[in-house]
Amino acid sequence: MAAAGEVLRQNLPEKLEESPSGAANELHVLAVDDSLVDRKVIERLLKISSCKVTVVESGTRALQYLGLDGDKKTSIGFDSEKVNLIMTDYSMPGMTGYDLLKKIKESSVFREIPVVIMSSENILTRIDRCLEEGAEDFLLKPVKLSDVRRLKDFIMKGEVKEGEKRCCKRSRSEDWSPSSTTHPCDTSPLSSSSLLSQLSTSTLSSKKSRL
């Protein structure tokens, strides 16, 4: 463990300051790993990338945080802390990262949250199984700062696109609704009496000109 910890620490960037919390574009990431060293590493990388981080040591604790364990008393209160991304280790005692992924994707509330699996073992069948189950990505450890920033950019672009879709829907509904008295294509709506009046005036003028 000491040797592994030293290798992981060497991958941490030096002379980089953590961005202050509370930024407008801050993402909330739930990181799950049974290794204390790995939890510290991923937490550090995420904070350097201006992300809010919640770390837990097992898949069971992650489910408790999200309120998916079936016991409301153990929930840490997901309603007040929106999670934008879940990063979980694959090999954990008890509930594996794959098991956690399946639980999340089975939930109607949380299935849309991107889940990234991390592992120190490059096993193709394991990678394929996770991706087929709905994992957003599969990262090999040690996780690098470039991996975290790439994931953040991807999530941010997704959030912006969803926001744009909602804005477009609102603007279209505000422009015209079935209860409106005029159609959006009518640039100068006229009442029926006004229209008849104009037609009568036009007809009289035409007759006078012929006379």
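As recorded by an unreviewed UniProt entry, the protein carries the name Two-component response regulator arr5 and is attributed to Stylosanthes scabra.

### What to know about the UniProt feature "modified residue: 4-aspartylphosphate" (unreviewed entry) in the protein
Sequence positions flagged by UniProt for "modified residue: 4-aspartylphosphate" (unreviewed entry) are, in local numbering, Asp89. When you line up the elements, Asp89 lands in strand β3 (residues 85-89). Contacts of Asp89, omitting those with residues within four sequence positions, involve Val32, Asp33, Asp34, Gly97, Met118, Ser119 and Lys141.

### Description of the pairing of strand β2 (residues 51-56)
Two strands pair when backbone bridges link them, and strand β1 (residues 27-32) and β2 are joined in this way by six bridges, in the parallel orientation. By the bridge assignment for β2, Val29 is matched with Val53. Viewed along the sheet, the connection from β1 through helix α2 (residues 36-48) into β2 turns out right-handed.

### Re unusual backbone geometry
Of note, the bond from Lys141 into Pro142 is cis; its omega dihedral lies within 30 degrees of zero at 0°. Here Pro142 lies in the loop between β5 (137-140) and α6 (145-175). Phi at Ser50 takes a positive value of approximately 65°, unusual for a residue other than glycine. When you line up the elements, Ser50 lands in the loop between α2 and β2.

### Points about the pairing of β1
Burial within β1 is extensive, with six of its six residues counted as buried. Burial of β1 is two-sided: the residues Leu27, Val29 and Ala31 facing one way and the residues His28, Leu30 and Val32 facing the other way are all buried. Across four bridges, the pairing between β1 and β3 is parallel. Pairing of Val29 across the sheet is with Leu85, part of β3.

### Description of the packing of helix α4 (residues 97-106) against helix α5 (residues 124-133)
Between two packed helices, the angle of one axis relative to the other and the distance separating the axes together describe the packing. The N-to-C vectors of α4 and α5 enclose an angle of 10°; their axes lie 10 Å apart at closest approach. Our classification of the angle between α4 and α5 gives roughly parallel. Taken together, the residues of α5 that come into contact with α4 (itself represented by Tyr98, Leu101, Lys102 and Lys105) are Arg129, Cys130 and Glu133. Looking at the contact of α4 with α5 residue by residue, the class counts come to three nonpolar, no polar and four charged.

So, how was this worked out
Residues numbered from 1 in each chain as written. Predicted model: local features only at pLDDT ≥ 70, side-chain atom pairs only at ≥ 80, totals over all residues. Heavy atoms only, no water. UniProt positions renumbered as here; feature names shortened; annotations may be inferred. Helix = DSSP H or I, 4+ residues; strand = E, 2+ residues; numbered from the N terminus. Contact = heavy atoms within 4.5 Å. Pairing = 2+ DSSP bridges. Right-handed = clockwise from strand over helix to strand, strands pointing away. Buried < 20%, exposed > 50% of the residue type's maximum accessible area, 1.4 Å probe, protein only. Axes fitted to C-alpha atoms, helices over the stretch in contact; angles between N-to-C directions. Parallel < 35°, antiparallel > 145°, perpendicular 65-115°, else oblique. Nonpolar A, V, L, I, M, F, W, Y, C, P; charged D, E, K, R; others polar.

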